[in-house]
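Next come the chains, spelled out residue by residue.
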Amino acid sequence: MTSKERAELKSRAMKLDSIFQVGKSSLTPQLVDAIKAALKSRELIKINVLKNCMDDPREIAELVAERTNSQVVQVIGKKIVLYKKNMQREEKRKRAEKQMQKKKTLQKARRNSTKKEWTKEDSLRKKKENMKKKTAAPSFKW
């Protein structure tokens, strides 16, 4: 992870609330499983280590990162921020970007083709035709 990526993740983590708390019993298998599930759905999570936990927050962060195959973004005091890239979400994002690129190129091509073919005379002719239709007497059928 580069320093720019880490800085961007830190700024995103500032707005997050802690979704897990590590207490007196420290790390349990259930807590690790829950953290795995949260990382899969959110990518970036914040964990709070309570005062009654006797373990060092840095050690806990390394253990959790190792067991969940994630990366420690930062440990500040008793707060831990973890990140795990979700490959499915990344693929969806790339597909959406490709679709937007295609859409933009199609729109650009349409605009360019209509600009070349359409002239000022054509637009004047269209206006005259519309005016004739509006001024023409309505036909009544009895």
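Owing to the predicted nature of the structure, the values given are computational and were not obtained by experimental measurement.

## Things to note about helix H2 (residues 29–42)
Helical geometry note: an α-helix holds 3.6 residues per turn, so side chains three or four residues apart project in the same direction.
Move 1: End to end, H2 covers 20 Å across 14 residues, agreeing with the expected 20 Å (1.5 Å per residue, within 8%).
Move 2: For H2, the set of buried residues is Leu-31, Val-32, Ile-35, Ala-38 and Leu-39. Here the buried residues of H2 occupy an arc of 125° about the axis, which is enough to place them on one side. Across H2 from its buried face, at more than 90 degrees, point the exposed residues Pro-29, Gln-30 and Lys-40.
Move 3: Taken together, the buried residues of H2 touch strand E1 (20–22), strand E2 (44–49), helix H3 (57–68) and strand E4 (79–83).
Move 4: Trailing H2 by a residue or two, Glu-43 shows a phi angle of about 75°, which is positive.

## Concerning the sheet that holds E1
Move 1: With respect to topology, four strands assemble into an open sheet ordered E1-E2-E4-E3, the strand pairing being mixed. Strands at the two margins of the open sheet, each flanked by one partner only, are E1 and strand E3 (71–76). Strand-to-strand, the axes of this sheet are offset by a mean angle of 25°, without reference to chain direction.
Move 2: Note that E1 and E2 share three bridges and pair parallel.

## Here we look at the confidence of the model for the protein chain
Caution is warranted with low-pLDDT regions, since their predicted coordinates should not be read in detail.
Move 1: Counting all residues, the mean pLDDT for the protein chain is 86, and 86% of those residues have values of 70 or more.
Move 2: Of all the helices and strands in the protein chain, helix H5 (residues 120–135) carries the lowest mean pLDDT, 72, while E4 carries the highest, 96.

## Re H3
Move 1: If you check H3, its first and last C-alpha atoms are 16 Å apart, about what twelve residues at 1.5 Å a residue would give, namely 16 Å.
Move 2: Those residues of H3 that fall on the buried side of the exposure criterion are Pro-57, Ile-60, Ala-61, Val-64, Ala-65 and Thr-68. One face of H3 carries all of its buried residues, which in axial projection span an arc of 130°. Facing away from the buried side of H3, by more than 90 degrees, are the exposed residues Arg-58, Glu-59 and Glu-66.
Move 3: Residues of H3 that are buried in the fold lie against E1, H2, E2, E3 and E4.
Move 4: Where H3 terminates, the next one or two residues include Asn-69, which has phi positive at roughly 55°.

## Focus: the pattern of salt bridges
Move 1: Tallied over the entire structure, the rule returns two salt bridges.
Move 2: For Glu-90, the salt bridge goes to Arg-93, with nearest N and O atoms at 3.1 Å. On the criterion of helical spacing, the pair formed by Glu-90 and Arg-93 is a turn pair, its members being three residues apart in helix H4 (residues 87–117).

## Section: unusual backbone geometry
Move 1: Of note, the phi angle at Glu-43 is positive, near 75°, even though the residue is not glycine.
Move 2: Looking at the element boundaries, Glu-43 is found in the loop between H2 and E2.
Move 3: One non-glycine residue with positive phi stands out, namely Asn-69, at about 55°.
Move 4: Here Asn-69 is to be found in the loop between H3 and E3.

## Description of a positive patch on the surface
Move 1: On the surface, a cluster of positive charge is contributed by Lys-85, Lys-94, Lys-98 and Lys-102.
Move 2: When you line up the elements, Lys-94 lands in helix H4.

Rules used throughout
Residues numbered from 1 in each chain as written. Predicted model: local features only at pLDDT ≥ 70, side-chain atom pairs only at ≥ 80, totals over all residues. Heavy atoms only, no water. Helix = DSSP H or I, 4+ residues; strand = E, 2+ residues; numbered from the N terminus. Expected span 1.5 Å × (residues − 1). Buried < 20%, exposed > 50% of the residue type's maximum accessible area, 1.4 Å probe, protein only. Arc of directions from axis to C-beta. Contact = heavy atoms within 4.5 Å. Pairing = 2+ DSSP bridges. Axes fitted to C-alpha atoms, helices over the stretch in contact; angles between N-to-C directions. pLDDT = per-residue confidence, 0-100. Salt bridge = Lys/Arg side-chain N within 4 Å of Asp/Glu carboxyl O. Patch = residues over 30% accessible without salt bridge, like charges linked within 9 Å, V, L, I, M, F, W, Y side chains within 5 Å. Areas by Shrake-Rupley, 256 points an atom, 1.4 Å probe, with all protein chains shown as cover. Lys, Arg positive; Asp, Glu negative; His and termini not counted. Charge placed at Lys NZ, Arg CZ, Asp CG, Glu CD.

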